[in-house]
Amino acid sequence: MLSLINVDEIENYFDKLFPILRSVTGNGNRETLNIINEIVDLNITEVPSGTQCFDWTVPPEWNLKDAWIKNSKGEKIVDIKNSNLHILGYSTPFTGKLTLKELKEHLYSLPDMPDAIPFLISCYKRRWGFSLTHNQLQSLPEDTYEVLIDSDINSNGSLTYGEAFIKGKSEKEILISTYICHPSLANDNLSGILSAAFLYKELKKRSDLRYSYRFLFIPETIGAIAYLSKHGNELKENLIAGFVLTTCGDRGNFTYKRSRKGNTLPDRAVECVLSSTEKEYTLEDFFPTGSDERQYCSPGFNFPVGSLMRTRYYNFPEYHTSKDNKDFISFEHIKGTIEKYLDVITLIEANDILVRTNPYCEPQLGKYDLYTSLGGQRDTSIINGLIIYILNLADGSNDLIDIVKKSKYDFRLVIEAIRKLVDKNLLKVKD
Amino acid sequence: MLSLINVDEIENYFDKLFPILRSVTGNGNRETLNIINEIVDLNITEVPSGTQCFDWTVPPEWNLKDAWIKNSKGEKIVDIKNSNLHILGYSTPFTGKLTLKELKEHLYSLPDMPDAIPFLISCYKRRWGFSLTHNQLQSLPEDTYEVLIDSDINSNGSLTYGEAFIKGKSEKEILISTYICHPSLANDNLSGILSAAFLYKELKKRSDLRYSYRFLFIPETIGAIAYLSKHGNELKENLIAGFVLTTCGDRGNFTYKRSRKGNTLPDRAVECVLSSTEKEYTLEDFFPTGSDERQYCSPGFNFPVGSLMRTRYYNFPEYHTSKDNKDFISFEHIKGTIEKYLDVITLIEANDILVRTNPYCEPQLGKYDLYTSLGGQRDTSIINGLIIYILNLADGSNDLIDIVKKSKYDFRLVIEAIRKLVDKNLLKVKD
Amino acid sequence: MLSLINVDEIENYFDKLFPILRSVTGNGNRETLNIINEIVDLNITEVPSGTQCFDWTVPPEWNLKDAWIKNSKGEKIVDIKNSNLHILGYSTPFTGKLTLKELKEHLYSLPDMPDAIPFLISCYKRRWGFSLTHNQLQSLPEDTYEVLIDSDINSNGSLTYGEAFIKGKSEKEILISTYICHPSLANDNLSGILSAAFLYKELKKRSDLRYSYRFLFIPETIGAIAYLSKHGNELKENLIAGFVLTTCGDRGNFTYKRSRKGNTLPDRAVECVLSSTEKEYTLEDFFPTGSDERQYCSPGFNFPVGSLMRTRYYNFPEYHTSKDNKDFISFEHIKGTIEKYLDVITLIEANDILVRTNPYCEPQLGKYDLYTSLGGQRDTSIINGLIIYILNLADGSNDLIDIVKKSKYDFRLVIEAIRKLVDKNLLKVKD
C-alpha cells in the first residue's frame, strides 16, 4: 500500500503538542484538543466537576500557572518551565519556606534511574510535590528553600474530552480510543494521540466505509468512565471492535493485548494482520491492569476492545519518566503503527462469510481466466493454490479471517482473490 | 498457617500401629480401628463373610496365631514374629515336614531386590506360603524343614471397616478414603491411615465447616466395593469431592492423580493449591489401575475422586516390600501432606462464584481503604493488582478457583482479598 | 496377521500394466480396466464426451497410435515406443517438418533433473508436444526435424471408469478410490491401482463383513467429478469412511492426510492403527490441493475421505517423471500398504461403542478365567491392565478407537480383549 501519511506533518504536530501541560482536567487538555481539531472534526464535551459516574466522581479542575523551588540565594533549582514533569499533578497551591528536611517530604525521584524525572499525579488525595532527578535530590545542600505552587483546584470546573465520528454504511461501529492526560511524555501517550488523529485523517478520505468509526480523545480512567456512564449502553448495541491506542511510537515490535473475551473480531483481525505482515510480534491475553480497556472490558460491558501497541507500557524503562521524550520515539514508527491499524481496518471491512455458488466439487478454473488477471509478476501457482483453498473453505462456516488463518496466505492476497472469485460468480457473500 | 499438628503424636501412633498384622479381614484390622478410634469417632461396621457386593463376595475372615519354618536342628529360620511380611496373606493352615524342593514351591522372594521381603496375599485362591529375602532363599541348604501355619479361615467371620462423619452446614459432602489392609508397610499405607486420622482431628476443631466430611478406613478393593454396594447411591446425591489417601509419607514431591472425569472440583482445587504452594509436583490423568479410586470412578459411579499423594505407588522401589518401613518415611512429610489437604479443603470451602455488585467500569478503589487493612509488610501494589483482577473476573462465570488460576496469585491471598471486597460490598456471592 | 497377499502376483500385474498408455480417456484406460477385471469384479461405465458434470464437461476421447521426432537423417530421436511419457497427453495430431527453434516450442524438459522425462498433459487446451530429458534437449543440433503425432481427439468418445461393490451386512459403506489416468508412472499411481485391486481381493474373501465396500478406478479429477455428479447424493446417505489410494509403493514411511472435517472415522481409525503399529509416520491436516479428496471433500459433499499413502505426492523428487519407475517402488511395500488398509478396515469393522453390563465397581476378574485364554506367551499383567482399562472406559461414551487411544494398548490386543469380555457377558455393544 502506498501510504499518503506524512511523517513530517506528524512531527510538526508532535512539536506543538509535546510542551503542553496536560492532566486529568484543565486548560492544557483544551489546548491539546483545539490543536487536534485541525486534523479531526472533534466535538468537545465538558463534564462538570462533581458529576457522578458509576462509583466515581469527576474531580475538580486543576490548573497551574507557575511552580518552582528556590534556594536561599534565590536561584530556581527546580522550575516547571524546564519540564512539566517537575510538578506532582494536582498539587495544591503552596507558598512557603522550608528546611531541606521539610522539603524532602514533598520531593519524588527514582533511585534506580538517577538522571530521570518521574511522572507523578495525586488526583484523588490532596497534596503537593515536585519530581526531580535522584542525582539532583541527593546533591541538595542543607538550606532554606522557598517554594511556589501557583495552582488552582476548582470544584466548579470540568473534565474535557473530544469525540469524532465517521459515518459508514452500517450503524455497526469501531471504537478508536486514546488518552490525553499525560504531560510531555512522547510514547505514553502523545504517540497514541497522534496515531489516532492521523488514522482519522486517512479513514476520512475513504468514501466506501462499511462500518462507522468513533474516535475518543479522553483523560484515562475517569474520562473513559465518564464517557461509558453516559454512552456505554449505546455502545452495547453497535460496537463490533475497539482499540485503545497507546505507546505507538517506540522502535519496538508490535504487541497486541487481546480483549477480555479473547478471540473477538479485533483479536482475530489483528492476529491475522500481524501473522501476514510481521516476523516478530507479541500476543498477550487480556489482563485487567493497563489503560482504558480496563473500563471497556469491565464485566458489565465486556466489549471487544483490544490494544495494538509497539512496546507495551511497563515494558520499557523510560515509561513515565522524562526519558520518554522525542528521542525515544520515531515518527516512521508512528506511521507504521497507523498503517498497521489501517491494515486491520481493511481486513475487518472485508471480513465476510463466503460461500460457493455451487459447492459441489471444484469449478473448472481454466474456464475463468483467473490467473492472468491476478498474476502479474506473482507466481501463478501461488494464486492457483490460494484459489483452491478459498473455494474449499467457502462453506458458510468460515469468514475471511478464518480463510487467511487456515490457508496461511497473506491477507491482502486473499482479499484480492476473493474479489475476483465474487466477480466470476464463483463465490458470494453469505447473507 | 500455624499448624497445630503434632509430629511426635503421629510418630507415637505409627509405632503402635506398625507391628499389627492387618489383612483384608481379621482381628488385626479391628485392633487397628480401635486405636484409630482414639483420634477419630469411628463407627465400626462388620460385613459378614459371604455377603454379595455387586460381582464380588466378601471373603471368609482370616486370622493367624503363629507361623514359622524350622530347620532340622529345630531352629526357626523364618518366623512371623520377626516380620508380618513373612506370611503369604490368607495362607491356609498347615503343619508338616518338607524337603527343600517341596518347601520352595511355597516360598516367595524378589531376585531383583535380594535383601527385601516381598508383601504377598492370596485372598481368592487358597494356598499357603512364606515370603523371605532372596538372599536367605538362596542360602537354604538341603534339609528337612518343619512348617507351622496356625491360621483360621472362617466363613462365618466378617470384614471390618470404620467410618466417621463430620456434619457441616450443607448436606454436600467430601469423602476421605484410606485403606487399612496392609500389614507393616509404612508408606503404603500406614501413612495414609495416619494422614486421614489427623486430618479428621484438625477438621473436627472447626466450627464453621460449610461441607460435611465422610472418612472411610476400609480394606482396599473389597472394602470399597462392599461400602459402595450399600451406600453408593447415597453418595451419588451429595458427594462433591473425594480423595483416596495413600503413600502420604515418603520424602518425595506431591503427585496428584486426577479423577476419571478430570477437571472436577477436587482436581481443580488440588491443582490450584499445588501451583500456589509447590515448585515441583506431578499431575497425572486418571488411569484405572491403582487404589480405591478404581471403584469410586467406575463408570456407574464416576465420582469426583482423586488422590493427592507424595511418590505414587509403583514409582518407588520399596513398594510392597519390607523396605517400606519407618526409615523410608518422615513424620514431617506426613504432617506436610495433612496440611496440603487442609489447604485444599480451605479452598473448596471458600470456592464461591463471585459477582460485582456493580459490574460497570472499575470502582474507585481509593475510597475503600482496602490497602492498609490488607497490606502490612506485603507490597500494596501486589494487593492492588490482585483486587483489580478479582473485580474484573467477578462476572458470574468464574469461581474462586478460576480467579486464582487466571490471576496467578496465591490462593490464600485471593481468599483474603475476596473477603475484604465482600465486606466493602463491592463483591457478592452468586446465588 | 498371516497375510496371503502374493507379492509375485502383484509384480506380474505391474509388469502387464506399466507399459500401457493411460490418460484421462482412451483405449489405454479400457485395457487397464480389463486387466484389473481379472482381480476385481468391475462394472465398466462409459461417460460420453460432452456430458456436463457440475461446472465441468467430459472432454473428447484421446487416442494415440504413434508419435516420434526424426532428425534429417531419418533417425527417430524421440519415440513413444521408448516411453509413454514422451508424448504430451492430449496432443493434437500433427505431421510436419520444423527447424530446431520451431520444434523447441513444443518440447518440455526439467532443467533441474536433466536425465528425467517429465509427465505432462494438456487436456483442456489444445496443443501438441513432446517431453524429453533436459540433457537430450540441450544436445539437439540445428537440423530439420520431422514430427509425427498420429492422435485422435474424438468428441463422440467417452470417459471410462470401473466400479466394484462388496455387499456387507450394512448399507453403510466405505469408499476405496484410486485413479487410473497416469501412464507408466509406478508410484503415482500404478501402486494405488494395484493396492486397491489386491485390497479388494482380500476383502472379497471375508464372509462376515459388516460394512459394504465400494471401489472406484477412475480418471483423476474429471472422473471423480463425473462420478459424484451422478452418484454424490447416494454416497451422502451411506458413506461412513473413504480413502484415496495413491503413492502406495515407495519405500518411505506412511503418511496420512486427514479428511477435511478432521477427526472423522477414517482419520481416527488410521491414526489409531499407525500409533499401534508404526514408529515413524506423518499425519497431515487436510489441504485442498492433491488428488480426488479435493472433490470428495468439496464443501457440498464434505465426505469423511482421507488418504493413507507412503511418501506423499510432491514430496519425492521422482514425482511425475520417468524416474517414478519400477526401481523406485517395492512390491513388499505395496503389500505392506494393503495390509495397513486391512488393519484400518479391521478396526473400523470392530469399532463399537461398548458398555459394561454392570457398571458399578470392578468385576471380580479372578472368577472369569480371562488370563489363560488370552495370555499365552504374553505377559498376563499387560492383559490384566488392559482389561481393567476397557472395563473402566466402557461407559457408553467411548468407542473402540477411543479405548485404544486412551489406554495406549495395541488395537489388535484391545479387539481380542473386548471379544473375551463380551463372551463373558461383562461387556455389551451399545445399541
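Note on numbering: residues in each chain are counted from 1, in written sequence order. Chain A is the first chain written and ligand 1 is the first ligand written, with later ones labelled in order. Per-residue local features are limited, in this predicted model, to residues with pLDDT of at least 70; the limit for side-chain atom pairs, both in listing and counting, is 80 or more; totals at the level of whole chains, interfaces and linings are taken over all residues. Just so you know, side-chain values use all the structure's heavy atoms and leave hydrogens and water out.

**Q** Is there a simple way to think about the sheet that holds strand β9 (residues 144-154) of chain C in this case?
**A** Strand pairing in a sheet is mediated by backbone hydrogen bonds. Such pairs are either parallel or antiparallel. All names here are of chain C. Should DSSP find at least two bridges between two strands, the strands are regarded as paired. Labels follow the DSSP assignment, with helices taken as runs of H or I lasting at least four residues and strands as runs of E lasting at least two, numbered in each case from the N terminus. With antiparallel pairing, the four strands of this open sheet are ordered in space as β5-β4-β9-β6. Edge positions in the open sheet fall to β5 (76-79) and β6 (94-99), since each of these has one partner strand only. The sheet shows a mean angle of 20 degrees between the axes of neighbouring strands, direction not considered. Alignment of β6 against β9, held across six bridges, turns out to be antiparallel. Across the sheet, Leu98 pairs through a bridge with Tyr145, a residue of β9. Every axis corresponds to a line fitted to the C-alpha atoms, with the helix fit spanning only the stretch in contact, and the corresponding angles, defined between N-to-C directions, vary from 0 to 180 degrees.

**Q** Can you walk me through the relation of the copies chain C and chain B in this structure?
**A** Both copies of the chain are related by one operation, a rotation about an axis with a shift along it. All copies are superposed by least squares; the fitting set is the C-alpha atoms of residues with a pLDDT of at least 70 in both. Between chain C and chain B, which share one sequence, the superposing operator has a rotation angle of 120 degrees and an axial displacement of 0.2 Å; the RMSD is 0.1 Å. The transformation just described matches what one would write down for a three-fold rotation axis. The rotation axis passes nearest to the C-alpha of Asn263 of chain C in chain C, at a distance of 13 Å.

**Q** Sorry if this is basic, but what is going on with the interface of chain C and chain B here?
**A** Accessible area lost upon the coming together of the parts serves often as the stated size of an interface. Contact with chain C, which involves 17 residues of that partner, is made by 20 residues of chain B. Accessible-area loss on putting two parts together, using a 1.4 Å probe and summing over both, is the definition of buried area adopted here. For chain C, the biggest contributors to the area lost against chain B are Tyr360, Cys361 and Glu362 of chain C; these three give 39% of the whole. Salt bridge, as used here: a side-chain nitrogen of Lys or Arg that lies within 4 Å of a carboxyl oxygen of Asp or Glu. Seen at the junction of chain C and chain B, the total is three salt bridges. Between Arg260 of chain B and Asp395 of chain C there is a salt bridge, with its nearest N and O atoms 2.9 Å apart. Polar contact criterion, stated in full: a pair of N or O atoms within 3.5 Å, where within protein one must be able to donate a hydrogen and the other to accept it, and residues adjacent in sequence count only if both atoms are side-chain atoms. For the pair chain C and chain B, the number of links is 12 residue pairs in polar contact (both at pLDDT 80 or more). In terms of residues, the side of chain C that touches chain B owes the most to one element, helix α11 (residues 380-393) of chain C, which gives five residues. Only heavy atoms enter the contact rule, under which two residues are in contact if any of them lie within 4.5 Å.

**Q** What is the right way to look at the interface of chain A and chain C in this model?
**A** At the interface, 17 residues of chain A touch 20 residues of chain C. Of the roughly 1,600 Å² buried between chain A and chain C, counting both surfaces, carbon and sulfur atoms make up 53%. At the boundary of chain A and chain C, one finds three salt bridges. Across the pair Asp55 of chain C and Lys367 of chain A runs a salt bridge, and its minimum N-O distance is 3.2 Å. Our count for the chain A to chain C interface comes out at 12 residue pairs in polar contact (both at pLDDT 80 or more).

**Q** Hey, could you run me through the packing of helix α12 (residues 400-407) of chain A against helix α13 (residues 411-423) of chain A in this one?
**A** In a packed pair of helices, the relevant descriptors are the angle between the two axes and the axis-to-axis distance. All names here are of chain A. At a closest axis distance of 10 Å, the pairing of α12 and α13 adopts a crossing angle of 120 degrees. Taken together, α12 and α13 sit at an angle that is classed as oblique. In terms of crossing hand, the pair formed by α12 and α13 is right-handed. Between α12, through Leu400, Ile403, Val404 and Ser407, and α13, the contact on the second element is made entirely by Phe411, Val414, Ile415 and Ile418. Here the term charged refers only to Asp, Glu, Lys and Arg, the term nonpolar to Ala, Val, Leu, Ile, Met, Phe, Trp, Tyr, Cys and Pro, and the term polar to all other amino acids, Gly among them. The residue inventory of the contact of α12 with α13, partitioned by class, reads seven nonpolar, one polar and no charged. Our angle categories are set so that under 35 degrees counts as roughly parallel, over 145 as roughly antiparallel, 65 to 115 as roughly perpendicular, and the remainder as oblique. When the near helix sits turned anticlockwise from the far one by under a right angle, the crossing is termed left-handed; a clockwise turn instead gives a right-handed crossing.

**Q** I would appreciate a short explanation of the state of the cysteines in the present structure.
**A** Covalently bonding the sulfur atom of one cysteine to the sulfur atom of another cysteine gives a disulfide. Note that a disulfide, as used here, is simply two cysteine sulfur atoms within 2.5 Å. Taken as a whole, this structure holds zero disulfides over all chains when the rule is applied. Unpaired in this structure, Cys53 of chain A has its nearest cysteine sulfur neighbour in Cys361 of chain B, at a distance of 8.8 Å. Burial classification: accessible surface area is computed with a 1.4 Å probe over protein chains only, and a residue below 20% of its type maximum counts as buried, one above 50% as exposed, and the rest as partly exposed. Taking relative accessible area as the criterion, Cys53 of chain A reaches 1% and is therefore assigned buried. Sulfur of Cys181 of chain B: no disulfide; nearest cysteine sulfur belongs to Cys123 of chain B and is 9.5 Å away.

**Q** Explain the sheet that holds strand β17 (residues 353-356) of chain A here, please?
**A** All names here are of chain A. Strand order in the open sheet made by the three strands is β18-β17-β19, with antiparallel pairing throughout. Edge positions in the sheet fall to β18 (395-399) and β19 (427-429), since each has one partner strand and no second. For this sheet, the mean angle separating the axes of adjacent strands, direction not counted, is 35 degrees. Bridging between β17 and β19 involves three bridges; their strand directions are antiparallel. Across the sheet, residue Arg356 finds its bridge partner in β19, namely Leu427. Contacts from α12 reach β17 and β18, with the element oriented near 80 degrees to β18.

**Q** Explain the confidence of the model for chain A here, please?
**A** Regions with low pLDDT carry predicted coordinates that are not meant to be interpreted in detail. Residues and elements named next belong to chain A. In this model, chain A carries an average pLDDT of 95, and 96% of its residues clear a pLDDT of 70 or more. On a scale of 0 to 100, pLDDT captures the predictor's confidence in every residue. Confidence drops under a pLDDT of 50 for residues 372-379, and excluding neighbours within four residues, the segment shows 10 contacts in the predicted structure. Taken over the whole predicted complex, pTM reads 0.91, whereas the ipTM for its chain interfaces reads 0.91.

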